[in-house]
Amino acid sequence: MDVKSYKLPYLQYPETGKARAQLRNGTVTWRRDRVEKRVWVTVSGQLRDSGPGDGHCARFELWSAARGRGDEVARTKECNGVWQSRSLAVGAGAGGRVVLALRTGGSSATSEELTNPWG
């Protein structure tokens, strides 16, 4: 098993102004199983909503277009304005791309593309 990790210190939605969703102390870990010819990524960190009563929850998502299986999506949320540890994992998509998205709802998001280090 091959493993490569790096830090993702902070991400917020929206990118500027008052943060309505935040992810801090993130770690991105890619794993490759050469025997099963599988690659997947896990992202862990602390998620926080801007606070209870604002009608929104902080949403943290990972998604990829996995070969032959359609989109693979993992989601979690935090709604109480308290830092909560969260972890999500998905298989690497076509071309090894996975997108991390941070949002409160709707189609707008702060996103970051995570690229398979083994191509």
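In short, a report on the structure. (Residues numbered from 1 in each chain as written. Predicted model: local features only at pLDDT ≥ 70, side-chain atom pairs only at ≥ 80, totals over all residues. Heavy atoms only, no water.)

## Side note on the pattern of salt bridges
Next up, step 1: In the structure shown here, the tally under the stated rule is five salt bridges.
Next up, step 2: A salt bridge links Arg-32 to Asp-2, with the nearest nitrogen and oxygen atoms 2.8 Å apart. Linking Arg-32 in strand β2 (residues 21-33) with Asp-2 in strand β1 (residues 2-13), this pair joins segments that are 30 residues apart in sequence.
Next up, step 3: Close ionic contact of Asp-2 with Arg-34 constitutes a salt bridge, the shortest N to O distance being 2.6 Å. Highlighted residues: Asp-2 in strand β1 and Arg-34 in the loop between β2 and β3 (38-49), separated in sequence by 32 residues. (Salt bridge = Lys/Arg side-chain N within 4 Å of Asp/Glu carboxyl O. Helix = DSSP H or I, 4+ residues; strand = E, 2+ residues; numbered from the N terminus.)

## Focus: the state of the cysteines
Next up, step 1: Summed over the entire model, instances satisfying the criterion amount to one disulfide.
Next up, step 2: Each sulfur of the disulfide joining Cys-57 and Cys-79 lies 1.9 Å from the other. Across the S-S bond linking Cys-57 and Cys-79, the dihedral sits near 105°, which makes this disulfide right-handed. Separated by 22 residues along the polypeptide, Cys-57 in the loop between β3 and β4 (58-66) and Cys-79 in the loop between β5 (70-78) and β6 (84-91) bring together distant segments of the chain.
Next up, step 3: For Cys-57, a relative accessible area of 13% corresponds to the buried category.
Next up, step 4: For Cys-79, a relative accessible area of 25% translates into the label partly exposed. (Disulfide = S-S within 2.5 Å. Buried < 20%, exposed > 50% of the residue type's maximum accessible area, 1.4 Å probe, protein only.)

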